Amino acid sequence: MSQLCTSKLEPLVAYLDSLTGRADLSVLERLLRETQVTRSDLKPVCKFKRECYQRNRIKRSEWYELVALCWRAGQKSQIHDHASSSCAFRVIEGTVTERRFEKNEDGTVRQVEVSTLRPGSICAAEDDAIHEVCNMAESDDLVTLHIYSPPLNMKVYDEGDDTGGQCVGVYQER
């Protein structure tokens, strides 16, 4: 983390380093709102891939992971929940299109909401909240700062046909 503009991340990282259990989602939201970090501040970890969005780890412990995600135009996450993790992120640059889903009685999922998040916006979800994060821009990059507590653990869903998608697996980064 020494290459980054750490002074802007200090309050956030101090809280994260003090964790002895899962972070409180409302505290993560508040700290991200107060963290006035820019793409320039994150430059050492702003790396992109052509084929899919890039996860760039800033710091990780047993109780959290702090990551800058970098998205080229048209890139998106899989439809996923956060299983046993809290997740909050701040839009640093670009515009996020977030699609939210709900489970049907048969376990499939269906889209229920679409939101647009601009720079400075915060998105927070945990456990079985299901969503997809997208950069729907035609040419602009997207940079988001994510906190997962504990580190990312999620179920991935397939959108499927008209009846909705199904859980297709579990993702756990090691």
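Residues numbered from 1 in each chain as written. Predicted model: local features only at pLDDT ≥ 70, side-chain atom pairs only at ≥ 80, totals over all residues. Heavy atoms only, no water.

A. Structural context of the pairing of strand E4 (residues 86-93). The buried fraction of E4 is high, at 7 of 8 residues. Pairing analysis gives 5 bridges linking E4 to strand E7 (residues 122-126), with the strands arranged antiparallel. Of the residues in E7, the one forming a bridge with arginine 90 is isoleucine 122. Bridge count for E4 against strand E9 (residues 142-149) is 7 bridges, and the pairing is antiparallel. (Buried < 20%, exposed > 50% of the residue type's maximum accessible area, 1.4 Å probe, protein only. Helix = DSSP H or I, 4+ residues; strand = E, 2+ residues; numbered from the N terminus. Pairing = 2+ DSSP bridges.)

B. Fine view of helix H1 (residues 10-17). Buried within H1 are the following residues: Leu12, Val13 and Leu16. Each buried residue of H1 lies within a common arc of 90° when the element is viewed along its axis, so the set occupies one face. On the buried face of H1, the contacting elements are helix H2 (25-34), strand E1 (54-60), strand E2 (65-71) and E9. (Arc of directions from axis to C-beta. Contact = heavy atoms within 4.5 Å.)

C. H2, seen in detail. Looking at H2, one finds that the buried residues are Leu25, Val27, Leu28, Leu31 and Leu32. Considered in projection along H2, the buried side chains sweep an arc of 155° and stay on one side of the axis. On its buried face, H2 is in contact with H1, E4, E7 and E9.

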